[in-house]
Each structure stands twice: as C-alpha cells, then as structure tokens.
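Spelled out, the chains give:
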Amino acid sequence: MRILLVEDEPYIAEAIAQVLKKNRYAVDLAFDGESGLDSGLTGIYDIIVLDIMLPKLDGLGVLEQLRASGIDTPVILLTARGETEDKIRGLDTGADDYLAKPFHTDELLARLRALGRRKPELNKDGVMRCGDLELDPLALTLRCNGHELQLPPKESQLMELLMRRKNMVTTKEMIIEKLWGYDTDAEENRVEIYISLLRKKIGQLDSSVSIQTIRNAGYVLKS
C-alpha cells in the first residue's frame, strides 16, 4: 500500500515515515500544501495522511481541490487537539477520518488498516484491471486472456501508475517523480524507453488496451 504523508515538520514527517516503512508501507513525503496537492492529484496513492496546518496551501484547501478534481483517495486529516471546527469542516469537505495531534503511531496504523479494508481494490484480490489487462503489483505480472508476462519492478510501477490514471494524461515529469523520485537525474528519454517496453509487452499479450501518446502532454492508457 502506498501512502502520501503531507506534513510540514520534517522531523515529525520522517519519524512517521520510518514507522510506516517498518510496517511495509511505501511512503512519499510532501512538506507543504502545494506539493502535497500536486502529488495527490496523480491518483496513485492508496491513502493520504494530510496535516491541516501547512504552508502555501492549508490541508483543507488541498482536500477541497483533490475532491473537486475527482480524486477519491481516502484521506486522514491531522488536526490540532480540540479543534472541533477543523474536524467538522474536514469531514464535510471529504475527509474519511482524522487524528488529533499528538497521536500514538499505533493508532495511525490502526486507522490505515481500517481504511485499507474499506477501499474496494485493496480488499479483493489486489489485482488492477483495465479493459482485458490485469496487473498484479505484488507478483509483478501482467495478464490478458489467460496469458501472463513477468514485469521488472519499474515496468510494473509504471503500469500501475497508468492504470490508476486510466483515461487521464500522465506527464513524463509525473512518471519520473513517481518512479525515480524528486531528486533524480533521470531524463525524459528513460520514460520513453519504459513506455516502449510496456507497449511491446501489451502487444505480446494481444490486448485491446493501448498506451497513447498525447503530443506535448504525456501518455494515456485506453481500453
């Protein structure tokens, strides 16, 4: 399960991230509302943990824009203890849960497990589907009509990103950030290579799904 943690205190964010990683969660960090919104809009996260008090754009503003953009990723708000108004506004805006600071990490883990059980694609077989294609992100396999191919990790991650954003444009910059990180020196031609590899494998499976190039914009997965 992939978590986006948006928290402006680096020490707190890193401490929470370490706990989550020890519990086998993949974690990406954002330290202000604008970067948190940019990451959340990719739609690749299973759950977003979102602090309300953030620079550049507060957590409620982030949440409002995510929901207005059609992103239905479950969100846990981190609120100041006793701020009932923030909790009410957050839930009304579309938050799924909230935690009052300071909190015990065991409680956060319990809330994540609860939300994970409620998220449809997580409480079935873990397989993602687009048209006649099936991706198993854990087994790193791509299947179509009874045929199966093994994918290297990066190709599986790219396929997962495209599937989560099916029918939406995914930019090269977004792919680079999500596959190699914000501080990478990876160039756009690396994305083109991985897209080409995936296209060949989709073709080998004789799938009706295609990765379309949108000129000067990015890629769209279509069935």
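In the block above lies the structure referred to throughout.
The sections below set out a description of the structure shown in this document. (Residues numbered from 1 in each chain as written. Predicted model: local features only at pLDDT ≥ 70, side-chain atom pairs only at ≥ 80, totals over all residues. Heavy atoms only, no water.)

### Points about helix α6 (residues 153-164)
Between its first and last C-alpha, α6 extends 16 Å over 12 residues, near the 16 Å set by a 1.5 Å rise per residue. Burial of α6 is extensive: 9 of the 12 residues sit out of reach of the surface. Turning to α6, its buried residues number three or more, namely Glu155, Ser156, Leu158, Met159, Glu160, Leu161, Leu162, Met163 and Arg164. (Helix = DSSP H or I, 4+ residues; strand = E, 2+ residues; numbered from the N terminus. Expected span 1.5 Å × (residues − 1). Buried < 20%, exposed > 50% of the residue type's maximum accessible area, 1.4 Å probe, protein only.)

### Quick look at empty space enclosed by the protein
By rolling a water-sized probe across the atoms, one finds the places where empty space is left. Considering all chains together, one arrives at 1 cavity of 30 Å³ or more under this definition. In terms of lining residues, the largest cavity is bounded by Arg2, Ile44, Gln157, Glu160, Leu161, Arg164, Lys178 and Leu179. Only α6 and α7 (172-180) provide two or more residues apiece to the lining of the largest cavity. With 4 residues, the top contributor of residues to the lining of the largest cavity is α6. Tallied by class, residues from the lining of the largest cavity come to 3 nonpolar, 1 polar and 4 charged. (1 Å grid on protein atoms, 1.4 Å probe; cavity = no way out; pocket = protein on both sides within 12 Å on 5 of 7 lines; lining within 4 Å. Points joined across faces, edges and corners; volume = space filled by probe spheres on them. Nonpolar A, V, L, I, M, F, W, Y, C, P; charged D, E, K, R; others polar.)

### A word on the sheet that holds strand β4 (residues 75-80)
The strands making up a sheet are joined through hydrogen bonds of the backbone, oriented either antiparallel or parallel. Pairing is parallel across the open sheet formed by 5 strands, whose spatial order is β2-β1-β3-β4-β5. Sheet topology places β2 (26-30) and β5 (97-101) at the edges, where each strand pairs with a single neighbour. Across the sheet, the mean angle separating the axes of adjacent strands is 20° when strand polarity is ignored. Inspection of the sheet shows strand β1 (residues 2-6) paired to strand β3 (residues 47-51) by 4 bridges, in the parallel sense. Among the inter-strand pairings, Leu5 is bridged to a residue of β3, identified as Val49. Each of β3 and β4 touches helix α3 (residues 59-68); the most contacted strand, β3, lies at about 145° to it. (Pairing = 2+ DSSP bridges. Axes fitted to C-alpha atoms, helices over the stretch in contact; angles between N-to-C directions. Contact = heavy atoms within 4.5 Å.)

### Comments concerning the nonpolar core
Judged by nonpolar contacts, the single largest core of 42 residues is most densely connected at Leu50, Leu133 and Met159. With 5 residues, the top contributor of residues to this core is α6. Contacts of Met159, omitting those with residues within four sequence positions, involve Leu133, Leu135, Leu142, Leu198, Ile202 and Leu221. (Core = buried A, V, L, I, M, F, W, Y, C linked by side-chain atoms within 4.5 Å.)

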